[in-house]
Number of protein chains: 2
Amino acid sequence: MTAPVTGGAPRCDRAAAPRCDLTAAWAALAGHYQAHGRELQLAEAFTRDARRFETLSFEAPEVFADLSKNLVDIATLRFFAALSDECALAARRDAMLAGDIANPTEGRAVLHTALRAPRGAAAPFNAEVHGVQGAMLAFADGVRARAAAGELTDIVNIGIGGSDLGPAMAVRALEAYRHPALRFHFVSNVDGHDIAPVLARLDARRTLFIVASKTFTTQETMANAAVARAWFTAAASAAPIADHFVGVTTNLAAAAAFGITHTFGFWDWVGGRYSLWGAIGLPIAIAIGSEAFRAFLAGAHAMDRHFAEAPFERNVPMLLGALDVWYRNFHRFTSRCVAPYHQGLARLPAYLQQLEMESNGKSVDLAGNALPFATSPVVWGEPGTNGQHAFFQMLHQGTDVVPVEFIAVRRAAHPYADLHAKLLANCLAQGQALMIGKTAEAAAAEKPPTAAAGIDRNVLARHRQFPGNRPSTTLVLDELTPRALGALIALYEHRVWTSGALWGINSFDQWGVELGKALAGELLPRLDASQPGARLGDTSGLDGSTAGLLRRLTRR
Amino acid sequence: MTAPVTGGAPRCDRAAAPRCDLTAAWAALAGHYQAHGRELQLAEAFTRDARRFETLSFEAPEVFADLSKNLVDIATLRFFAALSDECALAARRDAMLAGDIANPTEGRAVLHTALRAPRGAAAPFNAEVHGVQGAMLAFADGVRARAAAGELTDIVNIGIGGSDLGPAMAVRALEAYRHPALRFHFVSNVDGHDIAPVLARLDARRTLFIVASKTFTTQETMANAAVARAWFTAAASAAPIADHFVGVTTNLAAAAAFGITHTFGFWDWVGGRYSLWGAIGLPIAIAIGSEAFRAFLAGAHAMDRHFAEAPFERNVPMLLGALDVWYRNFHRFTSRCVAPYHQGLARLPAYLQQLEMESNGKSVDLAGNALPFATSPVVWGEPGTNGQHAFFQMLHQGTDVVPVEFIAVRRAAHPYADLHAKLLANCLAQGQALMIGKTAEAAAAEKPPTAAAGIDRNVLARHRQFPGNRPSTTLVLDELTPRALGALIALYEHRVWTSGALWGINSFDQWGVELGKALAGELLPRLDASQPGARLGDTSGLDGSTAGLLRRLTRR
């Protein structure tokens, strides 16, 4: 791992995986950008090529991906393919899937794909995976039976980061499949304003708490779990803790000391942000039941097969990952907006923020060399049509280009056909508007709005023009089923792997979270008189701002 | 309004307000950036100047703003002040507050500040404002009395954009002040997956619907209102619509046709994203009651006085607005992360996305000239500590600098003092970590984590280094009261005005939302067989992508 990266011919030696910028294909791609890619006019490209949509849209399991409104053409994709070859993406993908150490700075394999391999598949750890999965799903179905019998009404998941965002996102997305007798609550923040209103709504004897922390030491999760246990003991004094708290953890001793006897484990080859497929997915399994959870896994597995087997030219996660690199390093776009046109996917952007920015928000390559190019963009967004009434103004008429990712779902899980048609019309119209824009001349030819009747027509037209040529991707699902959601998430996972692999970074560590954690530990005794070694308000050794804020926050 | 901008000496003639880049102060600021600002090292600056925190932190009503961890020093602020003078910010602010046409492309005054002026103040439209406010607050208190009597349990606000984001954000933020017998629901998206699960939880006879749409024609709102009315009629056949639906609208005829007799109005000098202070704030008033709502207004009014009266050097919204311009146009940062360390402010980033990106996501100046510089950044974020376990990796170790805005609240409204101390320790530690960073040498000197024990120590150290010198602002509230929330929101409003005024744009129109709306209208009959003039699946005249997606979405 210490040899500097030198580039050159494709190698499947992960220790010196070719970094994108050190390849001949990168130089060729740069030439293509200068000669052509930079100036591509989307609307003209459609006029010129009647088959552009067919050429640049792709089928993956459960997900149809229209890339045709992006600043690429088929030649660009061929340059992407050459880059993929030279960076040995296929060999490195195969090595990861086979269980090689794909996370070298933590000395770990990366095998979240193994969590969704069917029983008996030739996948690593298949027996162990199915052992835990079977126990977890049986427990989930047992909880559902208790709910049906009126014994349980509320599930509270206590976890943060990967132990929160994935389950919270998926339970919300699969609302149509949720057990009708169960409400779900997700407590994550160490801020007591998170747990307090949740507890206020619960009946202790009908509540199940899931405490999800791999190490059972995560500060936020343990603080909230302690609050929950104290509340539970006060509210349901005779009921045993062990009947109302389960743990998702590998630290059985700490769980037992807490009072938890029922735990589900996972492995060091599953990163937190890739963990919803195993025991961390327990709230999802309780919400939708074992059969639907298996469909969720099967959807992800189908996408894994596509990722593992489809040639680059039709490999949707790989194409999207390469597109992300193209936009980041050549077009120099700094963020991507995710706009799911499905209210159930309201928390998908927050989930993707962790998946993408924690994976690829890095500045050094695998060998520790500083990178001379940009990596993870900011990923952000809100559901459409809500976003249209908030920030879409900036997407259409702002000074920066922000590629937008629309997610459309063909069939609704509600009976309001007219609403669904309006939703889809808006989704298509936004991508269309971003692309075609409107000239000042066209705006001037229109009848001005009443309110603006007094303004000079040509000045007003310049306020009402749209530059157009702003790129977007549209992903289409037939229906937001457990299977489709599983495939969609796996698609994003592999896409993030692809851009990370091209950039030559370790997408599976997160050293950037350590410093703040350590500093918080040093500050805590200065803020909390009840801490061991407390020295409330002590500002010694601190910078002026931290000291000043500390004084402000600790004053009476 | 048709004269091109020419720059030059300060003028308070709004029709040709000096644009920042055409002033001498801008050139001076550019020189300062090149000579000094670009290279400022924050940690060194604190060492050099023991009073840096005191010099660069400011008091505004209810909000303390620490700007000292930003890439500025006192000299930078003096350049900002010169720019403010030359751009005639004070005169233009005064003109706006006095009711001049500050939104010229729509021919409107901009007077959301009038909505929070106390009764009898010398503010425009004071009598009209207090007439509506009195009626609205009396109604809100009446609703609360009915809730206390068990007659009402649920309030459903149907609105979108400014008729949704502000009330939803504020009701959540003021959870500690919410009437305990009332639950609040916000339906905004035209996606039926938004309203369907809400209706499923309601008792029709104990529910009040608020239909909020200035024109009573907003597509999403009217579609959802129609669904709600049909559901209500079926679920509570004998109960009169007029007892369970109220309107916030100026279109009394349309509301009456819908079946609504009780309406609250507002005025064309209140923009949607500035409207929560008036009748659009009805859900807030119901949640917290008239007295607390008046405190919310009083907090905003106190900030208005600060904005109107404080000299630029201590005017917090103006300083923040100038800082935003500095970061956008000199440092070229493209986004800003808002991290409220209070779970109640979970929806503040979404609210600010509309406030800021819809206001300032523009590419032409007031006279219609194309701007040669960047305007609104992307504003995004999630509450801390949650964000720390998601995207903070990228903030600390990613390749782009993203200024972070921390919001800390000194006193909690819950009894868990240990959790609150942990929350504040984390908030301070994150800003500290972003600033001080960690060198590879320091990382190499530490004991490596167990999992990474096998890796070369120096390589690992390069993965564990932090560049530091990443800027942040910290806003501190003493407590998240209605008054403090009002002040905080008004602070943001005036800050957005300041950057917009410096950029010379109209922050109060939103022409960029029109094109997508028009195109959606053209697409709808192709997607909905029940529409007048429906032609399901017809793709004539469409670009290849829109046509292809339409076929995909309408196939059986």
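Undergrad: Explain the overall build of chain A to me, and be specific about the residues and the numbers.
TA: Broken down by element type, chain A carries 21 helices and 11 strands. Radius of gyration (C-alpha) of chain A: 25 Å, near the 24 Å computed for a compact globule of 556 residues. When the backbone C-alpha atoms are referred to their principal axes, chain A occupies close to 75 × 65 × 55 Å. Counting all 556 residues of chain A, 66% fall into the buried class. When the accessible surface of chain A is totalled, it reaches about 17600 Å², and 53% of it is carbon and sulfur. Computing the positive centroid from 51 side-chain charges and the negative centroid from 51, chain A places the two 4 Å apart.

Undergrad: Could you give an account of the environment of Arg116 of chain A, naming the residues involved and the relevant values?
TA: All names here are of chain A. With respect to the helices and strands, the residue Arg116 is situated in the loop between α5 (89-98) and α6 (126-148). In this structure the C-alpha to C-alpha distance between Arg116 and Ala298, which are 182 residues apart in sequence, comes to 6.6 Å. Beyond its immediate sequence surroundings of up to four residues, Arg116 is in contact with Trp277, Leu297, Ala300, His301, Asp304, Ala490, Glu493 and His494. In terms of polar contacts, Arg116 uses its side chain to reach the side chain of Asp304, at 2.7 Å.

Undergrad: Residues and numbers for the interface of chain A and chain B, please.
TA: Residue-level contacts link 147 residues of chain A with 147 residues of chain B. In total, chain A and chain B occlude about 12300 Å² of area from one another, counting both sides; carbon and sulfur atoms represent 63% of this. On the surface where chain A and chain B come into contact, there are 8 salt bridges. Asp400 of chain A is the partner of Arg328 of chain B in a salt bridge, and the nearest nitrogen-oxygen pair spans 2.8 Å. Where chain A meets chain B, there are 55 residue pairs in polar contact (both at pLDDT 80 or more). A per-element tally of the side of chain A that touches chain B places helix α16 (residues 417-436) of chain A first, with 15 residues. Residue composition of the side of chain A that touches chain B, by class: 64 nonpolar, 50 polar and 33 charged.

Undergrad: Please give an account of the packing of helix α1 (residues 24-35) of chain A against helix α4 (residues 74-86) of chain A that cites residues and values.
TA: Residue and element names in this part refer to chain A. Two elements in contact, α1 and α4, have axes separated by 8 Å at closest approach and are oriented at 165 degrees. Judged by the angle between their axes, α1 and α4 are roughly antiparallel. The way α1 lies across α4 gives a crossing that is left-handed. Each of Ala24, Ala25, Trp26, Ala28, Leu29 and His32 in α1 lies in contact with α4, whose residues at this interface are Ala75, Thr76, Phe79, Phe80, Ala82, Leu83 and Glu86. Across the contact of α1 with α4, the residue classes break down as 10 nonpolar, 2 polar and 1 charged.

Undergrad: Lay out the pairing of strand β6 (residues 245-248) of chain B in plain terms, naming residues and giving numbers.
TA: Residue and element names in this part refer to chain B. By the alternation rule, side chains of β6 split into Phe245 and Gly247 and Val246 and Val248, which are all buried. Note: β6 against strand β7 (residues 263-264), 2 bridges, orientation parallel. Bridge assignment links Gly247 to a residue of β7, and that residue is Thr263. Following the backbone out of β6, through helix α11 (residues 252-258) and into the adjacent parallel β7, one traces a crossover that is right-handed.

Undergrad: Can you break down the pattern of salt bridges residue by residue, with the values?
TA: Within this structure, the stated rule accounts for 58 salt bridges over all chains. Between Arg552 of chain A and Glu59 of chain B there is a salt bridge; the shortest N-O distance is 2.5 Å. Of this pair, Arg552 of chain A sits in helix α21 (residues 544-554) while Glu59 of chain B sits in strand β1 (residues 57-60), on two different chains. Between Arg108 of chain B and Glu106 of chain B there is a salt bridge, with its nearest N and O atoms 3.7 Å apart.

Undergrad: Describe the packing of α16 of chain A against helix α21 (residues 544-554) of chain B, with residues and values.
TA: Relative to each other, α16 of chain A and α21 of chain B sit at 165 degrees, their axes nearing to 10 Å. It follows from the interaxial angle that α16 of chain A and α21 of chain B lie roughly antiparallel. Like other packed secondary-structure pairs, α16 of chain A and α21 of chain B cross with a definite hand, here right-handed. Contacts from Leu424, Leu428 and Gln432 of chain A of α16 of chain A reach α21 of chain B at Thr546, Leu549, Leu550 and Leu553 of chain B. The class makeup of the residues in the contact of α16 of chain A with α21 of chain B is 5 nonpolar, 2 polar and no charged.

Undergrad: Tell me about the packing of aromatic side chains, residues and numbers included.
TA: This model, assessed by the stated rule, comprises 46 aromatic pairs over all chains. With 6.0 Å between their ring centres and 50 degrees between their planes, Phe53 of chain A and Phe64 of chain A make a pair best called tilted. Residue Phe53 of chain A is located in helix α3 (residues 52-55), and its partner Phe64 of chain A is located in strand β2 (residues 63-66); the two are separated by 11 residues in the primary sequence. Like Phe64 of chain A, Phe53 of chain A is buried. Look at Tyr274 of chain A and Phe508 of chain A: their rings are 5.4 Å apart centre to centre, the planes differ by 50 degrees, and that puts the pair in the tilted class. Highlighted residues: Tyr274 of chain A in the loop between β7 (263-264) and α12 (282-309) and Phe508 of chain A in the loop between α19 (482-503) and α20 (514-527), separated in sequence by 234 residues. Among the residues examined, Tyr274 of chain A registers a relative accessible area of 2% and is labelled buried. Ring-pair connections join several aromatic residues into one group, and the members of that group are Trp26, Tyr33, Phe80, Trp326, Phe330 and Phe373 of chain A. In this arrangement the basic side chain of Arg229 of chain B is found over the ring face of Phe258 of chain B, its NZ or CZ atom lying 4.2 Å from the centre.

Undergrad: I'd like a description of the sheet that holds strand β8 (residues 335-340) of chain B, backed by residues and values.
TA: Residues and elements named next belong to chain B. Pairing within the open sheet is mixed, and its 6 strands lie in the order β1-β2-β11-β10-β8-β9. Here the strands that pair on one side only, and so sit at the sheet edges, are β1 and β9 (378-380). Taking the axes of each pair of neighbouring strands and ignoring which way they run, one obtains an average angle of 20 degrees across the sheet. With 4 bridges joining them, β8 and strand β10 (residues 404-411) adopt parallel strand pairing. Across the sheet, residue Pro340 finds its bridge partner in β10, namely Ile407.

Undergrad: Can you lay out the relation of the copies chain A and chain B for me, pointing to particular residues and giving the numbers?
TA: You can overlay chain A on chain B at an RMSD of 0.0 Å; the transform is a turn of 180 degrees with a shift of 0.0 Å along its axis. Both copies are brought into coincidence by an operation consistent with a two-fold rotation axis. Of the residues that chain A buries at the interface, 100% are likewise interface residues in chain B, meaning the two copies contact each other through the same surface.

Undergrad: Can you break down the environment of Phe53 of chain A residue by residue, with the values?
TA: The class for Phe53 of chain A is buried, based on a relative accessible area of 6%. For Phe53 of chain A and Ile155 of chain A, which are 102 residues apart along the polypeptide, the C-alpha to C-alpha distance reads 45 Å. Look past the residues within four positions of Phe53 of chain A in its chain and what remains in contact with it is Phe46, Phe64, Asp66 and Ser68 of chain A together with Gly544, Ser545, Gly548 and Leu549 of chain B.

Undergrad: Residue-level account of the sheet that holds strand β4 (residues 183-187) of chain B, with values.
TA: All names here are of chain B. Taking strand neighbours across the sheet as the criterion, the 5 strands line up as β4-β3-β5-β6-β7 in an open arrangement whose pairing is parallel. If you trace the sheet from one side to the other, it starts and ends with β4 and β7, each paired once. Looking at chain direction, strand β3 (residues 154-158) and strand β5 (residues 207-212) are connected through 5 bridges and run parallel. When the sheet's bridge partners are listed, Val156 is paired in β5 with Phe209. On the sheet, helix α8 (residues 192-199) packs against β3, β4 and β5 and is oriented at approximately 160 degrees with respect to β4.

Undergrad: Tell me what's going on with the pairing of β4 of chain B, and back it up with residues and numbers.
TA: In regular strands, side chains alternate between the two faces of the sheet. Residue and element names in this part refer to chain B. With 4 of 5 residues buried, β4 lies mostly within the body of the structure. Looking at chain direction, β3 and β4 are connected through 5 bridges and run parallel. Bridged to Asp154 within β4 is Arg183. For the segment spanning β3, helix α7 (residues 165-173) and β4, crossover handedness is right-handed.

Undergrad: For the confidence of the model for chain A, give the residues involved together with the corresponding values.
TA: All names here are of chain A. Summary statistics for chain A give a mean pLDDT of 94 and a share of 96% for residues scoring 70 or more. Between residues 1-15, whose pLDDT stays under 50, and residues either more than four places distant or in other chains, the model counts 33 contacts. Predicted as a complex, the structure gets a pTM of 0.96 and an ipTM equal to 0.96.

Undergrad: Residues and numbers for α5 of chain A, please.
TA: Residue and element names in this part refer to chain A. Taken residue by residue, α5 has Leu89, Arg92, Arg93, Ala95, Met96 and Leu97 as its buried positions. In the core, the buried residues of α5 are packed alongside α4, α12, α13 (316-329) and α19. At the C-terminal side of α5, Gly99 shows a positive phi close to 105 degrees.

Undergrad: Go over unusual backbone geometry with me, naming the residues and quoting the values.
TA: All names here are of chain A. Cis rather than trans, the peptide bond between Gly384 and Thr385 has omega equal to 10 degrees. The topology assignment puts Thr385 in the loop between β9 (378-380) and α15 (392-397). In this structure, Phe216 takes a positive phi of about 55 degrees despite not being glycine. Inspection of the secondary structure assignment puts Phe216 in the loop between β5 (207-212) and α9 (219-235). Accessibility expressed as a relative area gives 5% for Phe216, which makes it buried.

Undergrad: Account for the side chain of Gln354 of chain A, naming residues and giving values.
TA: On the secondary structure map, Gln354 of chain A appears in helix α14 (residues 348-360). Polar side-chain contacts of Gln354 of chain A include one of 3.3 Å to the backbone nitrogen of Gly162 of chain A. The residues touching Gln354 of chain A, leaving out its near neighbours within four places in the chain, are Gly161, Gly162, Leu165, Arg273 and Ser359 of chain A together with His389 and Ala390 of chain B.

Undergrad: Residues and numbers for helix α6 (residues 126-148) of chain B, please.
TA: Given a rise of 1.5 Å per residue, 23 residues ought to cover 33 Å, and the 32 Å separating the end C-alpha atoms of α6 of chain B matches this to within 8%. In this structure, the buried side of α6 of chain B is in contact with β3, β5, β6, β7 and α12 (282-309) of chain B.

Rules of the game
- Residues numbered from 1 in each chain as written.
- Chains lettered and ligands numbered in written order.
- Predicted model: local features only at pLDDT ≥ 70, side-chain atom pairs only at ≥ 80, totals over all residues.
- Heavy atoms only, no water.
- Helix = DSSP H or I, 4+ residues; strand = E, 2+ residues; numbered from the N terminus.
- Rg over C-alpha atoms; globule rule 2.2 N^0.38 Å.
- Buried < 20%, exposed > 50% of the residue type's maximum accessible area, 1.4 Å probe, protein only.
- Areas by Shrake-Rupley, 256 points an atom, 1.4 Å probe, with all protein chains shown as cover.
- Lys, Arg positive; Asp, Glu negative; His and termini not counted.
- Charge placed at Lys NZ, Arg CZ, Asp CG, Glu CD.
- Contact = heavy atoms within 4.5 Å.
- Polar contact = N/O pair within 3.5 Å; in protein donor to acceptor, adjacent residues only side chain to side chain.
- Buried area = accessible area lost by both parts, 1.4 Å probe.
- Salt bridge = Lys/Arg side-chain N within 4 Å of Asp/Glu carboxyl O.
- Nonpolar A, V, L, I, M, F, W, Y, C, P; charged D, E, K, R; others polar.
- Axes fitted to C-alpha atoms, helices over the stretch in contact; angles between N-to-C directions.
- Parallel < 35°, antiparallel > 145°, perpendicular 65-115°, else oblique.
- Left-handed = near helix turned anticlockwise from the far one by under 90°.
- Pairing = 2+ DSSP bridges.
- Right-handed = clockwise from strand over helix to strand, strands pointing away.
- Phe/Tyr/Trp six-rings, centres within 6.5 Å; stacked < 30°, edge-to-face > 60°.
- Lys NZ or Arg CZ within 6 Å of the ring centre and 35° of its normal.
- Least-squares fit on C-alpha atoms with pLDDT ≥ 70 in both.
- pLDDT = per-residue confidence, 0-100.
- Expected span 1.5 Å × (residues − 1).

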